[in-house]
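Working through the structure, step by step
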Amino acid sequence: MKVLIMAGGRGSRIGDPSKPLIKIQGKPMIEYVIDAINGLGEINIATTKNHERIIQWARSNNYTIVLTSGRDYPNDLIEALRLTGTPTLVLPSDMPLLSKEFITKFLRAVAHIRTPMVTLAAVRGCEIEYTGISYIRDLTMSNGVIPWSTLTTAWTMELININTREDLEEATKLIQRRTQQPIR
């Protein structure tokens, strides 16, 4: 399996196009995501040529870089998948609280769903939010899109997606608490 970490967004809501490299406790957000999937497959970082800092960071850490046009998320995802191939686990680069346990549970659940793509949504209050986490079995297309199923779960703090300074502050506090807990 391949892992594709999407890191090509504009970061406009947080004011930093290199958002995946924002540090929490001295570590870039994208590294927390990589820690959660380390050992699950070949890691590819999808970004655009405009994100030179992310490209340099990925190269210096020996990750495969997949350059996309930067048109929009759906097009960038398809472009990246055509370059990397499938099956592929897709993750956002700005979910620093993800855990390997959470990702493993997701992969176990999607093993029983046969559509070409399974995407994860979370129920948060009265809303259903797509998380940016998907598993693409193959690039079978129908009318220009990959047919998909949505797997829905209860929202958990692991699914915090950093879009604003408030999100960043909340994630920072949670990571600080996590690192201060005694080891048993």
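Below: a short report on this structure. Keep in mind that this is a model prediction, so the values were computed, not measured.

1. Section: a nonpolar patch on the surface
- Nonpolar side chains collect at one region of the surface, where Tyr130, Val145 and Trp148 lie side by side and expose about 350 Å² of accessible area between them.
- Counting through the fold element by element, tryptophan 148 comes out in strand 9 (residues 148–154).

2. Considerations on the sheet that holds strand 5 (residues 64–68)
- Pairing is mixed in the open sheet, where seven strands are placed in the order 5-4-1-6-8-7-9. Strands with a single pairing partner mark the edges of an open sheet, and in this sheet they are strand 5 and strand 9. Pairs of neighbouring strands in the sheet enclose a mean axial angle of 30 degrees, with direction left out of account.
- Across five bridges, strand 4 (residues 42–48) lies against strand 5 in parallel orientation. Looking at strand 5, one finds that threonine 47 is bridged to leucine 67.
- Packed on one face of the sheet, helix 2 (residues 52–60) meets strand 4 and strand 5 and runs near 160 degrees to strand 4.

3. Section: the side chain of aspartate 94
- Mapping aspartate 94 onto the fold places it in the loop between strand 6 (88–92) and helix 4 (100–110).
- Overall, the relative accessible area of 6% leaves aspartate 94 in the buried class.
- At 2.6 Å, the side chain of aspartate 94 and the side chain of lysine 19 are in polar contact.

4. Things to note about the pairing of strand 1 (residues 2–6)
- Among the five residues in strand 1, four count as buried, and that is most of the element.
- Judged from the five bridges that link them, strand 1 and strand 6 form a sheet pairing that is parallel. Looking at the pairing, leucine 4 lines up with valine 90 of strand 6.

5. A word on the side chain of serine 18
- For serine 18, the position within the fold is in the loop between strand 1 and strand 2 (23–24).
- In this structure serine 18 touches Arg53 and Ile54, once residues within four positions along its chain are discounted.

6. Some points on the packing of aromatic side chains
- One pass over the structure, following the stated rule, counts one aromatic pair.
- The interplanar angle of 20 degrees and the centroid separation of 5.7 Å between the aromatic rings of tryptophan 57 and tyrosine 63 together place this pair among those described as stacked.
- Here tyrosine 63 falls in the partly exposed class, since its relative accessible area comes to 22%.
- The ring of tyrosine 32 carries the charged tip of lysine 27 above its face, separated from the ring centre by 4.5 Å.

So, how was this worked out
Residues numbered from 1 in each chain as written. Predicted model: local features only at pLDDT ≥ 70, side-chain atom pairs only at ≥ 80, totals over all residues. Heavy atoms only, no water. Patch = residues over 30% accessible without salt bridge, like charges linked within 9 Å, V, L, I, M, F, W, Y side chains within 5 Å. Areas by Shrake-Rupley, 256 points an atom, 1.4 Å probe, with all protein chains shown as cover. Salt bridge = Lys/Arg side-chain N within 4 Å of Asp/Glu carboxyl O. Helix = DSSP H or I, 4+ residues; strand = E, 2+ residues; numbered from the N terminus. Pairing = 2+ DSSP bridges. Axes fitted to C-alpha atoms, helices over the stretch in contact; angles between N-to-C directions. Contact = heavy atoms within 4.5 Å. Buried < 20%, exposed > 50% of the residue type's maximum accessible area, 1.4 Å probe, protein only. Polar contact = N/O pair within 3.5 Å; in protein donor to acceptor, adjacent residues only side chain to side chain. Phe/Tyr/Trp six-rings, centres within 6.5 Å; stacked < 30°, edge-to-face > 60°. Lys NZ or Arg CZ within 6 Å of the ring centre and 35° of its normal.

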